[in-house]
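# Structural features, examined
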Amino acid sequence: MLIECLGEFWGTLFLIILGDGVVAGVLLKQSKAYHAGWIAITTGWCIAVVIGIFVAQSAGSPNADINPAVSFAKYWLNLYSFNKMLSFMVAQIAGAFVGAIIVWLAYLPHFQETEEALLKLMVFCTVPAIRKFRYNFLCEVIATAVLIMGVAAIFGKATPQGPVSGLGAFLVGLLVWGVGLSLGGPTGYAINPARDFGSRLAHAFLPIPGKGPSDWSYAWIPVIAPLVGGFIAAICWRGIFL
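Residues numbered from 1 in each chain as written. Predicted model: local features only at pLDDT ≥ 70, side-chain atom pairs only at ≥ 80, totals over all residues. Heavy atoms only, no water.

Moving on, we come to a nonpolar patch on the surface. Taken together, Leu2, Ile3, Leu6, Trp10, Phe14, Leu18, Ile47 and Ile51 make up a surface patch of nonpolar side chains, about 710 Å² in accessible area. Listing elements by their share of the nonpolar patch, those giving two or more residues are helix H1 (2-27) and helix H2 (38-58). Counting residues per element, the nonpolar patch draws most heavily on H1, which supplies six residues. Residue placement: leucine 6 occurs in helix H1. (Patch = residues over 30% accessible without salt bridge, like charges linked within 9 Å, V, L, I, M, F, W, Y side chains within 5 Å. Areas by Shrake-Rupley, 256 points an atom, 1.4 Å probe, with all protein chains shown as cover. Salt bridge = Lys/Arg side-chain N within 4 Å of Asp/Glu carboxyl O. Helix = DSSP H or I, 4+ residues; strand = E, 2+ residues; numbered from the N terminus.)

Turning next to the packing of aromatic side chains. All told, the structure shown has 14 aromatic pairs when counted by the stated rule. Taking the centre distance of 5.4 Å and the plane angle of 75 degrees together, the rings of tyrosine 75 and tryptophan 76 count as edge-to-face. Ring centres of phenylalanine 197 and tryptophan 216 lie 6.1 Å apart, and the angle between their planes is 65 degrees; on these two criteria the pair is classed as edge-to-face. In this pair, phenylalanine 197 sits in helix H9 (residues 193-205) while tryptophan 216 sits in helix H10 (residues 216-219), placing the two residues 19 residues apart along the sequence. Judged by relative accessible area, which is 29%, phenylalanine 197 ranks as partly exposed. On the accessibility criterion, tryptophan 216 (40% relative accessible area) is partly exposed. (Phe/Tyr/Trp six-rings, centres within 6.5 Å; stacked < 30°, edge-to-face > 60°. Buried < 20%, exposed > 50% of the residue type's maximum accessible area, 1.4 Å probe, protein only.)

Here glutamine 92 shows up in helix H4 (residues 82-106). A polar contact of 2.9 Å, which involves the side chain of glutamine 92, links it to the side chain of glutamate 8. Non-local contacts of glutamine 92, meaning those with residues more than four positions away in its chain, are made with Glu8, Thr12, Asp65, Ile66, Asn67, Pro68, Ser71 and Ala194. (Polar contact = N/O pair within 3.5 Å; in protein donor to acceptor, adjacent residues only side chain to side chain. Contact = heavy atoms within 4.5 Å.)

As a further point, take H1. Along its 26 residues, H1 runs 37 Å from first to last C-alpha, staying within 8% of the 38 Å computed at 1.5 Å per residue. With 19 of its 26 residues buried, H1 lies for the most part within the structure. (Expected span 1.5 Å × (residues − 1).)

The geometry of H1 relative to H2 is characterised by a closest axis approach of 8 Å and an angle of 165 degrees between their N-to-C directions. If you check the angle between H1 and H2, you find them roughly antiparallel. Of the two elements, H1 crosses H2, and the hand of that crossing is right-handed. When H1 is examined against H2, the residues Gly7, Trp10, Gly11, Phe14, Leu15, Ile16, Leu18, Gly19, Asp20, Val22, Val23 and Val26 are found in contact with a partner set consisting of Ala40, Ile41, Gly44, Trp45, Ile47, Ala48, Val49, Ile51, Gly52, Val55 and Ala56. When grouped by side-chain class, the residues that make up the contact of H1 with H2 number 17 nonpolar, five polar and one charged. (Axes fitted to C-alpha atoms, helices over the stretch in contact; angles between N-to-C directions. Parallel < 35°, antiparallel > 145°, perpendicular 65-115°, else oblique. Left-handed = near helix turned anticlockwise from the far one by under 90°. Nonpolar A, V, L, I, M, F, W, Y, C, P; charged D, E, K, R; others polar.)

See the structure below:
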């Protein structure tokens, strides 16, 4: 299982480098991608997921969850033991933490040029457009449930032998792109506790000039809500499609 955990670590690390990286490019001053907009961000995260899956698989995790909500759903589908699920989650959070540090290093002068502390925080984690916790929580639950049921459909009865080799990663990337475009507006679509918590932890520890607080009062939502979404997706999948 150690090799699989390493795969999850490396896959999540690349996910965050490319995902947080596109956000940094769009938000931080004097970046050539400055103000490129939501389409650029969602497209970047789509590509980040595709590459993250390929890296995870190449590094030893054929399942390539790169998302604790996915691992949590698989636990409730009796595909993982509790220890395997927990080990994957730790590896994913660690990968996100290190990936966020690498993004910070890549954009060091741009963090220095950007005055707004909120923009610096948004590179690392999600910030809701309208801060109403009950609705933010609900949106993350819905978005994550759609993601995980979509992934299950891609690898389910629609493709009895599975997608053509390598195609599955691209289909999941397209799904994440669609979730971001359709459901990402309210909260910034964390849909991945490691992506939000690991990166937020890096923001808290890094010596970023002019940074503000890491907004821990909101941080529980992009962690707990995706897990709830994963649980709901697993229960619905077992009850409807299996």
